[in-house]
Amino acid sequence: MEPVFSTALPVESTAQDAAIVPDVGRVFAESVAIMARLRGADGCPWDREQSFDSIRKYTLEETYEVLDAIERRDWANLTEELGDLLLQVLFYAQMAADEGKFTIAEVLETLNRKLIRRHPHVFGEEASAEAGNLAQVDSAVDGSAARVLDNWEQIKVAEKKPVSGAASLLDAVQRAQPALAEAAKLGSKAAKVGFDWSDWRDLLAKVDEEAAELVVAAEAREQQIPFGNDKQKGDAAAVAQAEVESELGDLLFTVVNLGRHLGVDAEMALRGTNARFRQRFGVMERAAERPLSELAPAELEALWVHAKLEIREGAGR
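Residues numbered from 1 in each chain as written. Predicted model: local features only at pLDDT ≥ 70, side-chain atom pairs only at ≥ 80, totals over all residues. Heavy atoms only, no water.

A. Main features of the packing of aromatic side chains. Scanning the model with the defined rule gives 5 aromatic pairs in all. Between Trp-46 and Phe-91, the ring centres sit 6.4 Å apart and the planes meet at 75 degrees, which makes this aromatic pair edge-to-face. Highlighted residues: Trp-46 in helix α2 (residues 45-49) and Phe-91 in helix α4 (residues 75-98), separated in sequence by 45 residues. Under the relative-accessibility criterion, Phe-91 is labelled buried at 4%. Note on Phe-277 and Trp-304: the rings are 5.5 Å apart at their centroids and 45 degrees apart in plane angle, and the pair reads as tilted. Of this pair, Phe-277 sits in helix α12 (residues 266-287) while Trp-304 sits in helix α13 (residues 297-316), placing them 27 residues apart in sequence. Phe-277 gets classed as partly exposed once you look at its relative accessible area, which sits at 47%. With relative accessibility at 18%, the residue Trp-304 sits in the buried group. (Phe/Tyr/Trp six-rings, centres within 6.5 Å; stacked < 30°, edge-to-face > 60°. Helix = DSSP H or I, 4+ residues; strand = E, 2+ residues; numbered from the N terminus. Buried < 20%, exposed > 50% of the residue type's maximum accessible area, 1.4 Å probe, protein only.)

Right, dumping it as C-alpha cells:
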C-alpha cells in the first residue's frame, strides 16, 4: 500500500539526530514485526482472539498508568508505561492490517502529514500547504505560543469535512475523551455564545440546586410503591435509578464547570484529591490500634482528623 504522504520532511537534522533516527527505525520495525508475529497463525492465542472492542479498556488503563508515572516523577517506570501505551497503537494497527483497513505505516504517515500541516511556522507555509493546510494563517508567530495555538485551531477547523444538515456548535467537542474533560469543553464552547454563568458564585448556587434535586430523586427511589407485580417493581426501580443517575450527572457537570470558572481542571483536581485520600487513609491504618473495620464511626472520624493534622504538620516542617 502506498504511503499517504511521501514528501521528505523539510527538517534540518543534527549529527545527533542522524545517529538516533536509524536506530529508532530499526527498533520500531522490530516492535512491528513482533506484534505481527503475536497475531500470526503460530502466534499467541490470547493476542489472536483480541478485537478492537476487547482491548479498549487496556488502552484507557495504560493511559492512566502513564499519567501516574509522570505525577510520581518515576522516569524508569514511565519508560515502561510509554512502551505499554505504544503497544496499544501497534495492536490496533496490526488488527486493522489483518482486516485490510490500514497499516502502521499509514498511521505514521498521517501523523507526519498532520504535524507538518499544523506547524507552518516551523516547516514553512509551502510544506504546510502541500501537507493539506487549507487555512490562511500568519506563520510569523514571533515565538508566541498563543499565536501558534491560534494557527493550530484555524488549521484544524479547515481540516473538518463539511457536515450535511445543520451542524451544532458542540459538534466540535469530541465525545472520545474523559467525561470530566468533555463536560468542561462543552461548557466552554457554549460560553462562546453567552450561554454560561456570569460569575463562579452563581455556580455555587447551582450546585446547591442540583444537590437538592439529587436528594429528591434518591428519596423517591427509596419510597417506591411497594405493590404490583415483579415486572412493575423492576421497571419502577430502573426508572428511579436512572433518575438518580441523571441528577448526579447534572451535579457533576455543574461542579466541573465551577472548576472551569475558577481556572481549575476538574480531572487534575480529582486526581489530587484521590492522592490525598490515599495518604490520609494510610495514616489512619497505621495509627489505629485495631482493624478499621472494628471501629465505630466516631473513632474513624477521629483518626481521619488526626491523619489530616499529622500530614499538615509534616508538610510544614
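B. Looking closely at the side chain of Asn-257. In this fold, Asn-257 is placed in helix α11 (residues 230-261). Look at Asn-257 and you get buried, because its relative accessible area is 0%. A polar contact is formed between the side chain of Asn-257 and the backbone oxygen of Phe-253, at a distance of 2.9 Å. Setting aside chain neighbours within four positions, we find Asn-257 in contact with Ala-183, Ala-184, Gly-187, Trp-197 and Leu-203. (Polar contact = N/O pair within 3.5 Å; in protein donor to acceptor, adjacent residues only side chain to side chain. Contact = heavy atoms within 4.5 Å.)

C. Representation of the environment of Ala-236 in the model. One can find Ala-236 in helix α11. Taking C-alpha positions, Ala-236 is 8.6 Å from Arg-221, a pair spaced 15 residues apart along the chain.

By themselves these figures say nothing about function.
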